[in-house]
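Residue-level structural notes
Given next are the chains, with one letter for each unit.
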Amino acid sequence: MATALFVCLHNAGRSQMSAALFERAAGGRHRALSAGSEADPEGHVHPQVVAVMRELGIDLSGRRPQRLTPELAAAAGVIVTMGCGDACPFIPGKRYVDWDLPDPKDLPIDDVRALRDDIAARVAALVDEL
């Protein structure tokens, strides 16, 4: 069983969608974690992200952002970064993948939906590789 860690800046959009879509695509064969280099654990997942994921039957309304820690990074076999830049830790021996994806925070709902679908395709390819 592989563990994938999805990391973005605030852990309120891209990484949350990625982890949830990865969990669904992996069907219990692999595990997903998500975190943000500047996450506020008192924050929430962006409402438009919750809405577009609910369209797929995935409820993110109860999830909270989680700050990236060295321990989380060490637990992962593959680390997928999305816009956290130099704030993402580098751990020798880990596989890194960088996805250049926009932050959905201020995007119109149709753009968030397209982003979700892009992430779903990327996640499916990643699951197939593991």
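Residues numbered from 1 in each chain as written. Predicted model: local features only at pLDDT ≥ 70, side-chain atom pairs only at ≥ 80, totals over all residues. Heavy atoms only, no water.

1. Some details on the side chain of H30
Mapped onto the elements, H30 comes out in the loop between α1 (14–26) and β2 (31–36). We classify H30 as buried; its relative accessible area is 14%. Among the polar contacts listed, one links the side chain of H30 to the backbone nitrogen of A2, at a separation of 3.1 Å. (Helix = DSSP H or I, 4+ residues; strand = E, 2+ residues; numbered from the N terminus. Buried < 20%, exposed > 50% of the residue type's maximum accessible area, 1.4 Å probe, protein only. Polar contact = N/O pair within 3.5 Å; in protein donor to acceptor, adjacent residues only side chain to side chain.)

2. Some thoughts on the packing of α1 against helix α4 (residues 109–129)
Relative to each other, α1 and α4 sit at 50°, their axes nearing to 9 Å. Here α1 lies oblique to α4, going by the angle between them. Where α1 crosses over α4, the handedness of that crossing is right-handed. Residue-level inspection shows R14, M17, S18, L21, F22, A25 and A26 of α1 in contact with α4, the latter providing L115, R116, I119, A120, V123, L126 and V127. Each residue belonging to the contact of α1 with α4 can be placed in one class, and the counts come to eleven nonpolar, one polar and two charged. (Axes fitted to C-alpha atoms, helices over the stretch in contact; angles between N-to-C directions. Parallel < 35°, antiparallel > 145°, perpendicular 65-115°, else oblique. Left-handed = near helix turned anticlockwise from the far one by under 90°. Contact = heavy atoms within 4.5 Å. Nonpolar A, V, L, I, M, F, W, Y, C, P; charged D, E, K, R; others polar.)

3. Let's talk about the environment of A2
The topology assignment puts A2 in the segment before β1 (3–8). Contacts of A2, omitting those with residues within four sequence positions, involve R29, H30, R31 and L130.

4. Structural notes on the pairing of β2
Counting buried residues in β2 gives five out of six residues, a clear majority hidden from the surface. As judged from the six bridges shared by β1 and β2, these two strands associate in the parallel manner. Across the sheet, residue L5 finds its bridge partner in β2, namely L33. Tracing the backbone out of β1, into α1 and back to the parallel element β2 gives a crossover that is right-handed. (Pairing = 2+ DSSP bridges. Right-handed = clockwise from strand over helix to strand, strands pointing away.)

5. Things to note about empty space enclosed by the protein
The full count for this structure, using the stated rule, is one cavity of 30 Å³ or more. In this structure, the largest cavity spans a volume of roughly 30 Å³. Lining the largest cavity are C8, H10, N11, A12, G13, R14, H46, D103 and P104. Here the lining of the largest cavity is composed, by residue class, of three nonpolar, four polar and two charged. (1 Å grid on protein atoms, 1.4 Å probe; cavity = no way out; pocket = protein on both sides within 12 Å on 5 of 7 lines; lining within 4 Å. Points joined across faces, edges and corners; volume = space filled by probe spheres on them.)

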